[in-house]
Amino acid sequence: MLAPPTGPPAPRPTAPVNLRNTAVAVITALIASLLLFIPSHSAHAAGTLLSQGKTATASSTENGGTPAAAAVDGNTGTRWSSAAADPQWLQVDLGATATISQIALNWETASAKAFKIQVSDNGTTWTDAYSTTTGPGGSQTLDVNASGRYVRMYGTVRATGYGYSLWEFQVYGTTGGTTPPTGGTLLSQGKAATASSTENAGTPAASAVDGNTGTRWSSAATDPQWLQVDLGAAATISSVTLNWEAAYAKAFKVQTSDNASTWTDVYSTTTGPGGNQTLNVTGTGRYVRMYGTARATVYGYSLWEFQVYGTPGGTDPGGPIEGGGDLGPNVKVFDPSTPNIQGTLDQIFTQQESAQFGSGRYQLFFKPGTYSGLNAQIGFYTSISGLGLNPDDTQINGDITVDAGWMAGNATQNFWRSAENLAITPSNGTDRWAVAQAAPFRRIHVKGGLNLAPASYGWASGGYIADSKIDGTVGPYSQQQWYTRDSSVGGWTNGVWNMVFSGVQGAPAQGFPNPVYTTLATTPVSREKPYMYLDGNDYKVFVPSKRVNAVGTSWPNTPGTSLPLSRFYVAKPGVSAVTINAALAQGLNLLFTPGIYHVDQAINVTRADTVVLGLGLATIVPDNGVAAVKVADVDGVKLAGFLIDAGTVNSPVLLQIGPAGSSAGHAADPTSMQDVFVRIGGAGPGQATTAVEVNSNDTIIDHTWLWRADHGAGVGWNTNPSDYGLKVNGANVLATGLFVEHFKKYDVEWSGENGRTIFFQNEIAYDPPNQAAIQNGSVRGFAAYKVDDNVTTHEGWGLGSYCNFTADPTIVQEHGFEAPNKPGVKFHDLLVVSLGGMGQYAHVINDVGSPTSGTSTVPSTVTSYP
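Residues numbered from 1 in each chain as written. Predicted model: local features only at pLDDT ≥ 70, side-chain atom pairs only at ≥ 80, totals over all residues. Heavy atoms only, no water.

Draft legend 1. Quick peek at the overall build of the chain. Within the chain, the regular secondary structure consists of three helices and 59 strands. Projected onto the principal axes, the alpha-carbon positions of the chain cover approximately 90 × 70 × 45 Å. Evaluated residue by residue, the chain yields a buried proportion of 59% over its 866 residues. For the chain, the accessible surface area stands at approximately 29200 Å², while carbon and sulfur atoms represent 52% of it. When the 46 basic and 62 acidic side-chain charges of the chain are each reduced to a single mean position, those positions are 3 Å apart. (Helix = DSSP H or I, 4+ residues; strand = E, 2+ residues; numbered from the N terminus. Buried < 20%, exposed > 50% of the residue type's maximum accessible area, 1.4 Å probe, protein only. Areas by Shrake-Rupley, 256 points an atom, 1.4 Å probe, with all protein chains shown as cover. Lys, Arg positive; Asp, Glu negative; His and termini not counted. Charge placed at Lys NZ, Arg CZ, Asp CG, Glu CD.)

Here it is in structure tokens:
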């Protein structure tokens, strides 16, 4: 951003290891070596060994070397051990309901004095099958009479001062379920299932692949609908069995896919008989679905069981993947007693202050408590967050600062950093947060004022605030544009071109273009970003609920759901996309620890309500022209807090939400992308046709910056090509805080009905070599924001576009905005600006609005269109 300055003159330490004394360590080692010679339960009169190699989870783990999976791996030299607290549990998912006849526990020295064996059909409601308060430790074989899919040891009193520890946890019995058809293995049972819709919470997609013919999936009563299972890896499919409830499909297809986006029919009928159907099919794929097009009844589609048989193939990481684990070396966790916090903060800032395209990534976590005398300066790829459930749980008496000393007082490149979920009492009464794009300020309580300009009041081009309370006055000063959502401010002074507010208590009154305020009383739909917090000593992720017509902050009583870290695959740099996808297919959510992740296949999110959360601006790079992330057309996926960096081979799309042709409704539980940023070039040559494509209806785009780089490495008209920033094909999509810049064609192209955008910031590409390079038929240049001609309803508030044609300042851009002239297509408070006369706009929207002219950098505005 090159506007002239305005405003007044310058007036984690590692988690403690459970250290045992030398004598105990020696005894334990001797016991371990002896146990290696204890015969394993290779045969058992009480039934078949059902648990070995199945998915195991636990309430906690002592460290990364003692995971839950080690207790069901058949190796008596590996073990699970828990934290040193009561109660604790270890649980195994048998994959299907079974009759349980015997449990074998091979305890390490740290055994249970009091524990229960419990069974469950759903992993939530548990029934006791055995109980004792006088556990002897050692090797125990317990005869039981129970049934269930899930079995756990639930310890309530430890026999030692350490946690619980099991070399092996073995479950014996008899499996239930359907005998597989000849010529194939049952591949689908217990795998991740998703659906276009569910009738209610009691009939989820998972119920059709659980092996229990007493539970079912049922859909909404509309056509079409689908049920899909992710087999976890590619397979050859030989038959599919459908056990229909009375509400069956008259017309349906069975389809397979390698990517959950492009489908191949392997069976089709328009005369489905219902009941039990076994269909012999020939096909391959990782994903298999029933796609219903005509119902036989007035109700939805309903399946007791959906079973896929065949031969497994493809690459699989092998064995169940465990959730939870440590957060890696670049997550720094402080508490008030941590020594030399300031020194650690300064060291990281020194490294990151000017590392605009560096590889460092850091997450700074502050446990609940009070911290005094700190100045946390936040550089590139650094996120600072409190670990309380609410911002006021973490009190910083000091400052969290972003300034622009590294760039001689110019803040227009202070990108890729964030602050979240804490309270600040500024040392001099006013905190400074002088940022540009991709620098969110979320869920913060500032007990004073907030200055959004650098110390010199030099140029600035941010920015975004959400779910925050600023007790004093916010001063944007030289900030050219800013968006604030669902917050509370004590006051707001000035602005350069475009200050937009929705749902902000204390916001200035509507006044655009003079003063430069666009103010909406509420935000139509919003949902705050998921965030990590500590519940006692346990890390959890809080997922806020959707709000409608929101005003003010969501806290201190934010409605939502809390997820333990054990329900997340904790990814670290170097992990393969195959492993990530296997973890997602297993039903885990995904947490990226700070770092850079190269993927050779798209990360496929296929389960409804999956959370994908990045720490420290974790960065995903597709290496071979694939998409970085693809989301199925399902309810409630939450994408948050990561950066996608285009690879050197062109990707048709980098982030796709819903495959092409998505049609399901998600108004009750929309998918959202929040603080998800995309970059093409800058860190090196990169290519992508489209940065983000949204096909799912009702999606919420809450703060994104999609950037075809105009500086850095690998930058040039044909060096980092990308045609489109955002393409929206879904209906009822809402964008709040939309930043899109420098794409070669449309920065935003909107084809879906009833789209809405609150705040849009844009710069047209700097680098077209001449007028002919951007000629769009008979139109000079591609609009920054294009609503397609077929659209009948669309609305936007507070939208701005700027030109700065550095290669050829004689270029004329016909208009910043282009839309059909229809009563339902409405825009409020638009502006276009020529930055220093480097090119001009002929109009603001279509042929409406005065042209820009000269070198004065004065906006041309339209307050209402049509």
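That was the structure; now back to the text.
Draft legend 2. Representation of the sheet that holds strand β44 (residues 651-657) in the model. Read across the sheet, nine strands follow the order β40-β42-β44-β46-β48-β50-β54-β56-β58 without closing on themselves; strand pairing throughout is parallel. If you trace the sheet from one side to the other, it starts and ends with β40 (603-605) and β58 (840-845), each paired once. Here the strands of the sheet are splayed against their neighbours by 25° on average, with no regard to which way each runs. The sheet contact formed by strand β48 (residues 724-728) and strand β50 (residues 748-750) spans three bridges and is parallel. Across the sheet, the residue bridging to V728 is W750, located in β50. (Pairing = 2+ DSSP bridges. Axes fitted to C-alpha atoms, helices over the stretch in contact; angles between N-to-C directions.)

Draft legend 3. Highlighting the pattern of salt bridges. Scanning all chains against the criterion turns up 28 salt bridges. One salt bridge connects D230 with R286, and the closest N-O pair in it is separated by 2.7 Å. With D230 in strand β12 (residues 225-244) and R286 in strand β15 (residues 276-295), this residue pair connects regions lying 56 residues apart in the sequence. Where salt bridges share partners, they join R442, R485, D486, E528, R547, D675 and D702 into one cluster. (Salt bridge = Lys/Arg side-chain N within 4 Å of Asp/Glu carboxyl O.)

Draft legend 4. Geometry of the environment of I680. Note that I680 resides in strand β45 (residues 672-680). Among the residues examined, I680 registers a relative accessible area of 0% and is labelled buried.

Draft legend 5. Representation of the side chain of T606 in the model. Within the secondary structure layout, T606 lies in the loop between β40 and β41 (611-622). Looking at T606, the relative accessible area reads 4%, which means it is buried. With near-sequence residues (within four places) excluded, T606 lies in contact with T194, Q228, D230, A260, Y287, A632 and V634. (Contact = heavy atoms within 4.5 Å.)

Draft legend 6. The sheet that holds strand β36 (residues 560-564), seen in detail. With respect to topology, three strands assemble into an open sheet ordered β33-β34-β36, the strand pairing being antiparallel. Edge positions in the sheet fall to β33 (531-535) and β36, since each has one partner strand and no second. In this sheet, adjacent strand axes meet at a mean angle of 35° when their direction is disregarded. Here strand β34 (residues 538-544) runs beside β36; their pairing, made up of five bridges, is antiparallel. Following the sheet pairing, V541 is matched in β36 by L563.

Draft legend 7. Here's a closer look at helix α2 (residues 341-352). If you check α2, its first and last C-alpha atoms are 17 Å apart, about what 12 residues at 1.5 Å a residue would give, namely 16 Å. Among the residues of α2, those classed as buried are I341, L345, I348, F349 and Q352. All buried residues of α2 project into a common sector of 100° when viewed along the axis, lining one side. Along α2, the residues that are exposed and aim more than 90 degrees away from the buried face are Q347 and T350. (Expected span 1.5 Å × (residues − 1). Arc of directions from axis to C-beta.)

Draft legend 8. Layout of the nonpolar core. F592, V629, L639, Y785 and F827 are the most contacted members of the largest nonpolar core, which has 76 residues in total. By residue number, the principal contributor to this core is helix α3 (residues 577-585), which donates five residues. Discounting chain neighbours no more than four positions away, the residues touching F827 are Y785, V787, H794, G796, L799, A819, I845, T863, S864 and Y865. Ranked by size, the runner-up nonpolar core spans 37 residues in total, among them W433, I444, W492 and F501. (Core = buried A, V, L, I, M, F, W, Y, C linked by side-chain atoms within 4.5 Å.)

Draft legend 9. Expanded view of the environment of N804. Along the chain, N804 falls in the loop between β55 (794-803) and β56 (812-818). Of the residues examined, N804 reaches a relative accessible area of 3% and is grouped as buried.

Draft legend 10. Region of the structure containing unusual backbone geometry. Here the amide bond leading from D86 into P87 is cis, since omega sits at -10°, within 30 degrees of zero. Assignment of secondary structure puts P87 in the loop between β3 (80-81) and β4 (88-107). One non-glycine residue, R443, adopts positive backbone phi at about 55°. By the element assignment, R443 lies in strand β24 (residues 441-446). For R443, a relative accessible area of 4% gives the class buried. The backbone of L617 shows a phi angle near 55°, a positive value even though the residue is not glycine. With respect to the secondary-structure elements, L617 resides in strand β41. The class of L617 is buried, set by a relative accessible area of 4%.

Draft legend 11. Spatial organisation of the packing of aromatic side chains. Inspection of the entire model under this criterion finds 37 aromatic pairs. With 5.7 Å between their ring centres and 40° between their planes, Y531 and F542 make a pair best called tilted. Placement of the pair is Y531 in strand β33 and F542 in strand β34, with a sequence separation of 11 residues. A residue is classified by how much of its surface remains accessible, and Y531, at 3% relative accessible area, is buried. Here the aromatic residues F357, F380, Y381, W406, F415, W416, W705 and W707 are joined through ring pairs into a cluster of three or more. The lysine or arginine in question, R361, covers the ring of Y381, its NZ or CZ lying 3.7 Å from the ring centre. Here the basic side chain of K744 rests over the ring of W717, its NZ or CZ set 4.5 Å away from the ring centre. (Phe/Tyr/Trp six-rings, centres within 6.5 Å; stacked < 30°, edge-to-face > 60°. Lys NZ or Arg CZ within 6 Å of the ring centre and 35° of its normal.)

Draft legend 12. Structural context of the pairing of β12. Across the 20 residues that make up β12, a large majority, 17, are buried. When strand β10 (residues 192-195) meets β12, the two strands line up antiparallel, connected through four bridges. Residue pairing across strands places A195 opposite L227, the latter belonging to β12.

Draft legend 13. Broad picture of the confidence of the model for the chain. Mean pLDDT for the chain: 90, with 93% of residues reaching 70 or above. Across residues 1-45 the pLDDT falls below 50, and counting only partners more than four positions away or on other chains, this stretch makes 64 contacts in the model. With pLDDT under 50 throughout, residues 177-182 is counted as low confidence; its partners more than four residues away or in other chains account for nine contacts. (pLDDT = per-residue confidence, 0-100.)

Draft legend 14. Examining the pairing of β48 more closely. By the criterion of burial, β48 is predominantly enclosed, with four of the five residues buried. In this structure, strand β46 (residues 688-694) lies alongside β48, joined through four bridges in parallel fashion. Counterpart to V692 in the pairing with β48 is L726.

Draft legend 15. Quick peek at the environment of G714. Mapped onto the elements, G714 comes out in the loop between β47 (700-708) and β48. G714 gets classed as buried once you look at its relative accessible area, which sits at 18%. Between the C-alpha atom of G714 and that of A577, which follows or precedes it by 137 residues, the distance is 25 Å. Setting aside anything within four residues of it in sequence, one finds G714 in contact with G681, G682, G684, P685, T719 and N720.

Draft legend 16. The arrangement of the side chain of S207 in detail. Here S207 shows up in the loop between β10 and β11 (217-218). Using a relative accessible area of 10% as the deciding quantity, one classes S207 as buried. With residues near it in sequence (within four places) discarded, S207 still touches N212, T215, R216, W217, W304 and E305.

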